[in-house]
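Close look at the chain arrangement
Here is how the chains run, residue by residue.
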Amino acid sequence: QVQLVESGGGLVQAGESLRLSCVVSRSIFSIPAMGWHRQAPGNQRELVARITSGGITNYADSVKGRFTISRDAAKNTVYLQIDSLKPEDTAVYYCNAQLGWGRQAWGQGTQVTVSS
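All values reported here derive from a predicted model rather than from experimental measurement. (Residues numbered from 1 in each chain as written. Predicted model: local features only at pLDDT ≥ 70, side-chain atom pairs only at ≥ 80, totals over all residues. Heavy atoms only, no water.)

Its location among the elements puts Q3 in the segment before β1 (4-7). Since its relative accessible area comes to 46%, Q3 is described here as partly exposed. In this view, Q3 contacts V23, V24 and S25; residues no more than four positions away in its chain are not counted. (Helix = DSSP H or I, 4+ residues; strand = E, 2+ residues; numbered from the N terminus. Buried < 20%, exposed > 50% of the residue type's maximum accessible area, 1.4 Å probe, protein only. Contact = heavy atoms within 4.5 Å.)

And the structure:
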């Protein structure tokens, strides 16, 4: 199994930026895909960004142009850069590992709160 530990959340004002980090307990190149999801109160968890082991990235339409997913293989870390934060970005952000064969792992989540 793989462990994921997120950090970097916090309380920010609208228009500011944050960078979330997800430290992975093994080589990220051994994981078919890594993603960031978020869940706001009363809403379902949604995928916002994803990166494959080959480096292909995908984003939810609602975050394109403001969110950037990246990785540092030497640190076994996946990042989510969030720019021009909006109050509607307020949510718990979760790191996710798609391990193949229907298996996946989740981090504990990090809270992002954006004030207007």
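Strand order in this open sheet of four strands is β1-β3-β8-β7, and the pairing throughout is antiparallel. Across the chains shown, the open sheet's two edge strands, defined by having one partner strand only, are β1 and β7 (67-72). When the angles between neighbouring strand axes are averaged without regard to direction, this sheet yields 20°. The pairing of strand β3 (residues 18-24) with strand β8 (residues 77-82) spans six bridges and is classified as antiparallel. Following the sheet pairing, L18 is matched in β8 by I82. (Pairing = 2+ DSSP bridges. Axes fitted to C-alpha atoms, helices over the stretch in contact; angles between N-to-C directions.)

Attention now goes to the environment of D83. Mapping D83 onto the fold places it in the loop between β8 and β9 (91-100). A residue is classified by how much of its surface remains accessible, and D83, at 28% relative accessible area, is partly exposed. Each C-alpha atom, one on D83 and one on A97, is 23 Å from the other, the two residues being 14 residues apart in sequence. Setting aside its immediate chain neighbours within four residues, D83 contacts E16, S17 and R66.

Further remarks concern the packing of aromatic side chains. Two measures describe an aromatic ring pair: the distance that separates the ring centres and the angle between the ring planes. Considering all chains together, one arrives at two aromatic pairs under this definition. Note on F67 and Y93: the rings are 6.5 Å apart at their centroids and 45° apart in plane angle, and the pair reads as tilted. One end of the pair, F67, is in strand β7; the other, Y93, is in strand β9, and 26 residues separate them in sequence. Each member of the pair, F67 as well as Y93, carries the same accessibility label: buried. Ring centres of Y94 and W106 lie 6.4 Å apart, and the angle between their planes is 90°; on these two criteria the pair is classed as edge-to-face. Placement of the pair is Y94 in strand β9 and W106 in strand β10 (residues 103-106), with a sequence separation of twelve residues. Directly above the aromatic system of Y79 lies the positively charged group of R19, at a separation of 4.1 Å from the ring centroid. (Phe/Tyr/Trp six-rings, centres within 6.5 Å; stacked < 30°, edge-to-face > 60°. Lys NZ or Arg CZ within 6 Å of the ring centre and 35° of its normal.)

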